[in-house]
Amino acid sequence: MKRIALFVTTLACAICVMAEDGSRLWLRYERVQKAEVTGPECIAKEELRNYYAGEKANLVIDTSMPEDAYNISGSTITAKNEIGLMYGAYALLRGESGYSAPYWKLRILNHWDNLDGSIERGYAGKSIFWDPEKNEIGKEKRDLIKEYARANASIGINGTVLNNVNASPKMLSAPYIQQVKEIAAILRPYGIKVYLSVNFASPMALGKLKTADPLDKNVVAWWKAKAKEIYQQIPDFGGFLVKANSEGQPGPGDYHRTHAQGANMLADAVKPYGGIIMWRSFVYGANHKGEDRVKQAVSEFVNDDGKFRDNVILQSKNGPLDFQPREPYAPIFDNMHKTPQMAELQITQEYLGQSRHLVYLAPMWEEFFGFVRPQRLIGIAGVANIGLDKNWCGHHFSQANWYAFGRLAWNPLLSSEQIAREWLEETFGDKRLKEDSRLSTINHQLLDMMMRSREACVDYMMPLGLHHIFKFDHHYGPEPDGFIASYPLEWCPVYYHKADSLGVGFNRSHTGTDATSQYNEPYRSLYDDLSTCPEQYLLWFHHVPWTYRMKDGSTLWESLQKHYDHGVNEVEDFLRIWQNAKPYIDEQRWKETDERLHHQLENAREWRKVCLNYFGSFVSSHTSKE
Ligand code: GCW
């Protein structure tokens, strides 16, 4: 298709141009309409009829197969039901063969969408679900949600939380439940269940009760009735996601109840219908004031282990702080032995350049799975990066993060490189260009750019374990000197790097906050000892002298400078790679990406300048010359 766009511009012919605005995502199949497809009428059949390039395809139901799994043998797909056939059809279109079953049953997107249409940490326009002007799901919205469902189904995502974890109680009011019902009906054929984030104080805000105490019988009755009302409308409703006693949200702690007591009350309400509660462990500041922020989740939840109902899942961010470009894994995964856990990854790039930087996140998630093995989890959630922008995600390459999340949710053992290769081929590849011998070099370079992009981001933002030195609130750009006395200390960058004339970094070893003791061995000892702590986490766990000798012989201060330089050089190289790719990419997507890459370079240089100036001011002239 991009070749067409290129010819069209060259020949100034306006007739056959198809907008290359990125709206088709990775689903850029050619509409061949050639295959004769046997089997039940279903989405798989429709997709293969339209897009399968072979002459014939067969869809076979085998009820003995596991849920969602498929087998592809030649052009025959076998699955338990139409959903499995659908997954098989998308796999066949991707060129897969053989047997495949999803690793997890719960593969869920979390939308931080507000009912007023805005999206918390959204960088791609307004919500595709909520529009305060329209209290119904009109035709246009219906079509869009269908496209969204299809995109998710093509990569195996099977659940979606439709609203922000900072939840408005209004979400549970009858008019909104009606809308959720309509959305659920669009998503259902694609095998996607809907879930809602709930505000723990909803019984007060909506039900006019005097309390939201989970042990109060009126509160219990209110939630039971609410669950019944929802399930009457949406019998396959998935359940609730809850952010409680975190960043000002209400929760059971307001009534001196435990997280388990709060979660169990909700769990009992949805249990008769097969619903689940995803309870978040992202808490700090409320009950453990003064404690190192990264320790607080474990401190607050560890006594609840074993006390949750069996339909409660604890949902935790991959790192103990907050979706930084690099964090060690969150030790909560080591500390809850009797509680089923889900990991929450952030697809939207809140702290990784938002939709302005090209940063492919799968290597970061792969790194996480190297520490928290997928078998320790029972599901996976990803904070979506989707909005009303034409290209869904703001940056054309941010689509790769949505794609990679889905593919990893299906199979966390896939390599990030394999996924990037697949995505590039589907999103920018063009079969007609295959003969061009330069293309394989270009493809290789694009792949390389994606694979290097996350480490580049770490390097130009916060290398060697630095963290949370972002500008306040919006988290875009550097503010290492950030300190506002009236803010909680955990929001201030200076709290996290602790730079002084001797050195920099947060001492979380046994001589400091002892956060290392929350880790299982071998990591506990590895991270605790300055001489064995991996350099990528050095300043996360230790306060290190500026003159400290790094493995390559340079001082810490020299090493910091090298990392910032390297990060910036990488982005310069990405711009060169993108320039080389120009003849092979359609004009619109090339130009939009190029503009963003230029901006990224500017921003990376700003990071380097601001951080090195700031940290350099602590390094004495004597030290810096060493
Ligand atoms: O990372 C922080 C974000 C908040 C977010 C919170 C959370 C939804 O800055 O915007 O709120 O995490 O995960 O609850």
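The notes below deal with the structure included here. (Residues numbered from 1 in each chain as written. Predicted model: local features only at pLDDT ≥ 70, side-chain atom pairs only at ≥ 80, totals over all residues. Heavy atoms only, no water.)

**Focus: the overall build of the protein chain**
A count of helices and strands for the protein chain gives 20 helices and 15 strands. The burial tally for the protein chain puts 58% of its 626 residues in the buried class. At a minimum sequence separation of 6, the contacts of the protein chain that also span at least 24 residues come to 69%. Total accessible area on the protein chain is roughly 24,200 Å²; 52% of this is exposed by carbon and sulfur atoms. Of the charged side chains in the protein chain, 71 are positive and 78 negative, and the gap between their average positions amounts to 4 Å. (Helix = DSSP H or I, 4+ residues; strand = E, 2+ residues; numbered from the N terminus. Buried < 20%, exposed > 50% of the residue type's maximum accessible area, 1.4 Å probe, protein only. Contact = heavy atoms within 4.5 Å. Areas by Shrake-Rupley, 256 points an atom, 1.4 Å probe, with all protein chains shown as cover. Lys, Arg positive; Asp, Glu negative; His and termini not counted. Charge placed at Lys NZ, Arg CZ, Asp CG, Glu CD.)

**Overview of the sheet that holds strand 1 (residues 36-38)**
An order of 1-2-4-3-5 is seen for the five strands of this open sheet, with the pairing classed as mixed. Looking along the sheet, the strands with just one partner apiece sit at the ends: strand 1 and strand 5 (98-100). Looking at each pair of strands side by side, their axes are set apart by 15° on average, direction ignored. Of the strands in this sheet, strand 2 (56-61), strand 3 (70-73) and strand 4 (76-79) touch helix 3 (residues 82-94), which is tilted by about 45° from strand 3. (Pairing = 2+ DSSP bridges. Axes fitted to C-alpha atoms, helices over the stretch in contact; angles between N-to-C directions.)

**Some thoughts on the site of the ligand**
Lining the immediate surroundings of the ligand are 15 residues, of which Glu120, Lys243, Arg280, Asp322 and Glu350 lie closest. Within the side chain of Asn166, a nitrogen or oxygen atom sits 3.3 Å from an oxygen atom of the ligand. Between an oxygen atom of the ligand and a side-chain N or O atom of Glu350, the distance comes to 2.6 Å. Across the shell around the ligand, the residue classes tally to four nonpolar, three polar and eight charged. (Near = heavy atom within 4 Å. Polar contact = N/O pair within 3.5 Å; in protein donor to acceptor, adjacent residues only side chain to side chain. Nonpolar A, V, L, I, M, F, W, Y, C, P; charged D, E, K, R; others polar.)

**Regarding the pairing of strand 8 (residues 193-198)**
Within strand 8, five of the six residues are buried, which leaves the element mostly enclosed by the surrounding structure. As paired elements, strand 7 (residues 159-161) and strand 8 share three bridges and run parallel to each other. In the sheet register, Val161 faces strand 8, and the bridge partner there is Tyr195. Read from strand 7 through helix 5 (residues 174-187) to strand 8, the crossover connection turns out right-handed. (Right-handed = clockwise from strand over helix to strand, strands pointing away.)

**What to know about unusual backbone geometry**
Here the bond from Glu521 into Pro522 is cis, since omega is 5°, no more than 30 degrees from zero. A positive phi is found at Glu247, a non-glycine position, where the angle reads about 45°. As for its placement among the helices and strands, Glu247 is situated in the loop between strand 9 (239-242) and helix 8 (259-270).

**Quick word on the pattern of salt bridges**
Inspection of the entire model under this criterion finds 39 salt bridges. Its salt-bridge partner being Lys139, residue Asp143 comes within 2.5 Å of it at the nearest N-O pair. Here Asp143 and its partner Lys139 are both found in helix 4 (residues 139-154), four residues apart, which amounts to about one turn of the helix. The class for Asp143 is partly exposed, based on a relative accessible area of 34%. Judged by its relative accessible area of 61%, Lys139 falls in the exposed class. Arg407 is paired through a salt bridge with Glu422; the nearest N and O atoms lie 2.7 Å apart. Remark: Glu422 occurs in helix 13 (residues 416-428) and Arg407 occurs in helix 12 (residues 399-410); sequence separation between them is 15 residues. Accessibility assignment for this pair places Arg407 and Glu422 in one class, buried. (Salt bridge = Lys/Arg side-chain N within 4 Å of Asp/Glu carboxyl O.)

**A short note on the pairing of strand 2**
By the bridge criterion, three bridges tie strand 1 to strand 2 in an arrangement that is parallel. Of the residues in strand 2, the one forming a bridge with Glu36 is Lys56. A crossover connection joins strand 1 to the parallel strand 2 through helix 2 (residues 43-51); in handedness this β-α-β unit is left-handed. Inspection of the sheet shows strand 2 paired to strand 4 by four bridges, in the parallel sense. Of the residues in strand 4, the one forming a bridge with Asn58 is Thr76.

**Description of the side chain of Ser100**
Within the secondary structure, Ser100 is located in strand 5. Within the structure, Ser100 has its side chain in polar contact with the side chain of Trp410 (distance 2.9 Å). Setting aside residues up to four positions removed in sequence, Ser100 forms contacts with Ala69, Tyr70 and Trp410.

**Considerations on the environment of Cys457**
Among the secondary structure elements, Cys457 is positioned in helix 14 (residues 438-461). A relative accessible area of 0% places Cys457 in the buried class. With sequence-adjacent residues up to four places away left out, Cys457 is seen in contact with Leu352, Val359 and Met462.

**Points about the side chain of Asp459**
Along the polypeptide, Asp459 turns up in helix 14. As a buried residue without a salt bridge, Asp459 has its nearest oppositely charged side chain in Arg326, at a separation of 6.4 Å.

**Observations regarding the sheet that holds strand 11 (residues 312-317)**
Reading around the barrel, the eight strands line up as 6-7-8-9-10-11-12-13 and close back on themselves, with parallel pairing between neighbours. Along the sheet, successive strands turn relative to each other by an average axial angle of 25°, direction set aside. Across four bridges, the pairing between strand 10 (residues 276-280) and strand 11 is parallel. By the bridge assignment for strand 11, Arg280 is matched with Gln315.

**A few points about helix 5**
The terminal C-alpha atoms of helix 5, which comprises 14 residues, lie 20 Å apart, in line with the 20 Å expected from a rise of 1.5 Å per residue. Buried residues of helix 5: Tyr176, Ile177, Gln179, Val180, Ile183, Ala184, Ile186 and Leu187, and no others. The inward-facing, buried residues of helix 5 abut helix 4, strand 7, strand 8 and helix 7 (217-233). (Expected span 1.5 Å × (residues − 1).)

**Comments concerning the packing of helix 3 against helix 4**
The contact between helix 3 and helix 4 brings their axes to 9 Å, and the two run at 75°. When the axis of helix 3 is compared with that of helix 4, the two are roughly perpendicular. The residues of helix 4 that touch helix 3, namely those facing Met86, Tyr87, Tyr90 and Arg94, are Arg150, Ala153 and Ser154. A breakdown of the residues in the contact of helix 3 with helix 4 according to their chemical character gives four nonpolar, one polar and two charged. (Parallel < 35°, antiparallel > 145°, perpendicular 65-115°, else oblique.)

**A look at the nonpolar core**
Trp279, Trp402 and Phe615 are the most contacted members of the largest nonpolar core, which totals 197 residues. Counting residues per element, this core draws most heavily on helix 18 (residues 556-581), at eleven residues. Apart from the residues within four sequence positions on either side, Phe615 is in contact with Leu466, Ile469, Pro480, His497, Ala499, Val504, Trp546, Trp557 and Tyr564. (Core = buried A, V, L, I, M, F, W, Y, C linked by side-chain atoms within 4.5 Å.)

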